[in-house]
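Remarks on the overall topology
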Amino acid sequence: MGINRKQLILEAATRSFTQFGYKATTMDQVSKLANVGKGTIYTFYKNKEELFSEIIDDLLADMKEAAENAFDPNRSFLENVHRALYSILEFRKTHQLTIKLFQESNELGTPTVNEGVKKVEQMILNYIKQKIIVAIENKEIKPCDPELTAFILLKLYISLIFDWEKHHEPLEKEKIAEVFDQYLLKGLSI
């Protein structure tokens, strides 16, 4: 029974954070949405921050699973990185909670939300970095700084998916892969 209540609380809190954002969500709202007493929430979580942290951890696990599902051992490292990054960023773009969190972080700068966003980006960077290290070891790519390369790959993808769309039509996956190939793999020199 306790596990069911905890799951109800997690689902209710996720709905509340998605609808109202972190700052505007209260434990009273969560208890009403979960149909449990506020005291029940405190048997599982010390405070709203701890509840939020568990939701972020679950979100990260789901994002990582989406990226892993995009990897295909029959494809090249670069194709797989493209597929995984696109998968992670599409996940982030289409899941309402992540949209709300990034919006709140940008607009209000709520410290707890900023930490959650930072955790999401750090997970993505670490994930890419580990894949780069393996690709270097397998001689699929030239030796490089895995951390810097992961940062560049992620920021390029974010720019092409989110920033570009602020003033242009969204780019198709194939076009993003083409740009990625042209600028990172081949370079601009003749």
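Higher on the page you've got the structure.
This text gives an overview of the structure that appears in the document. (Residues numbered from 1 in each chain as written. Predicted model: local features only at pLDDT ≥ 70, side-chain atom pairs only at ≥ 80, totals over all residues. Heavy atoms only, no water.)

**Here's the deal with the overall build of the protein chain**
So the rule is basically this: Each helix is a run of DSSP H or I of at least 4 residues and each strand a run of E of at least 2, with the numbering of both proceeding from the N terminus. Note on classification: 1.4 Å probe, protein chains only; a residue is buried when its accessible area is under 20% of the maximum for its type, exposed when over 50%, partly exposed between these limits. Using a 1.4 Å probe, the Shrake-Rupley method yields the accessible areas, and only the shown protein chains count as cover for residues. Charged residues are defined here as Lys and Arg on the positive side and Asp and Glu on the negative side; His and the ends of the chain fall outside this count. Positions of charges follow a simple convention, taking NZ of Lys, CZ of Arg, CG of Asp or CD of Glu.
Assigned secondary structure in the protein chain consists of 9 helices and 0 strands. Listing every helix and strand of the protein chain by position from the N terminus yields α-α-α-α-α-α-α-α-α. Taken over the C-alpha atoms alone, the protein chain extends approximately 65 × 35 × 25 Å along its principal axes. When burial is assessed residue by residue, the protein chain has 38% of its 190 residues classed as buried. Split by element, the accessible area of the protein chain, about 11,200 Å² in all, is 53% carbon and sulfur. In the protein chain, 25 side chains carry a positive charge and 28 a negative one; their mean positions are 4 Å apart.

**Examining the side chain of T40**
We count it as follows: Contacts were defined at the residue level, with two residues in contact if any of their heavy atoms lie within 4.5 Å.
In this fold, T40 is placed in helix 3 (residues 38–44). Residue T40 is classed as buried on the basis of its relative accessible area, which comes to 16%. Not counting residues up to four positions away in its chain, the partners in contact with T40 are R5 and I9.

**Remarks on helix 6 (residues 96–107)**
Our working rule: Expected helix span is taken as 1.5 Å per residue step, with the number of steps being one fewer than the number of residues.
When the terminal C-alpha atoms of helix 6 are compared, their 16 Å separation across 12 residues agrees well with the 16 Å that a helix rising 1.5 Å per residue should span. Positive backbone phi, approximately 65°, marks G109, located one or two places after helix 6.

**Section: the environment of F52**
Inspection of the secondary structure assignment puts F52 in helix 4 (residues 48–70). Setting aside its immediate chain neighbours within four residues, F52 contacts F17, Y22, L101, T112, V113 and G116.

**Observations regarding the environment of V30**
Tracing the backbone through its elements, the reader meets V30 in helix 2 (residues 27–34). Of the residues examined, V30 reaches a relative accessible area of 0% and is grouped as buried. If near-sequence neighbours (up to four positions away) are discounted, V30 is found in contact with I9, A12, A13, S16, T25, I41 and L51.

**Details of the nonpolar core**
Filter applied, for reference: In this description, a nonpolar core means a group of buried Ala, Val, Leu, Ile, Met, Phe, Trp, Tyr and Cys residues linked to one another through side-chain atoms lying within 4.5 Å.
With 56 residues, the main nonpolar core has L51 and I124 as its most contacted residues. When residues of this core are assigned to their parent elements, the largest contribution, 11 residues, is made by helix 7 (residues 111–137). Excluding its chain neighbours within four sequence positions, the residues that come into contact with I124 are M63, L85, I88 and L154.

**Some thoughts on unusual backbone geometry**
One non-glycine residue, N35, lies in positive phi territory at about 60°. Secondary-structure assignment places N35 in the loop between helix 2 and helix 3. For N35, a relative accessible area of 71% translates into the label exposed. You will see that K139, though not glycine, has its phi angle at about 60°, which is positive. Secondary-structure assignment places K139 in the loop between helix 7 and helix 8 (146–163).

**Quick word on the side chain of T98**
Note the threshold: Polar contacts here mean pairs of N or O atoms no more than 3.5 Å apart (in protein, one a potential hydrogen donor and the other a potential acceptor; neighbouring residues in sequence count only if both atoms are side-chain atoms).
Inspection of the secondary structure assignment puts T98 in helix 6. The class for T98 is buried, based on a relative accessible area of 1%. Within the structure, T98 has its side chain in polar contact with the backbone oxygen of H95 (distance 2.7 Å). In this structure, T98 is in contact with L59, F91, R92 and K93, ignoring residues within four places of it in sequence.

**Quick notes on the pattern of salt bridges**
Note the threshold: What makes a salt bridge here is a side-chain nitrogen of Lys or Arg within 4 Å of a carboxyl oxygen of Asp or Glu, nothing more.
This structure, assessed with the given rule, holds 10 salt bridges. Measuring nitrogen to oxygen at the nearest pair gives 3.7 Å for the salt bridge that ties E54 to K6. Here the residue E54 occupies a position in helix 4, and K6 occupies one in helix 1 (residues 2–24), the gap between them amounting to 48 residues. With a relative accessible area of 22%, E54 lands in the partly exposed category. Judged by its relative accessible area of 28%, K6 falls in the partly exposed class. Ionic contacts of the salt-bridge type, sharing partners, join the residues D72, R75 and E79 into one network.

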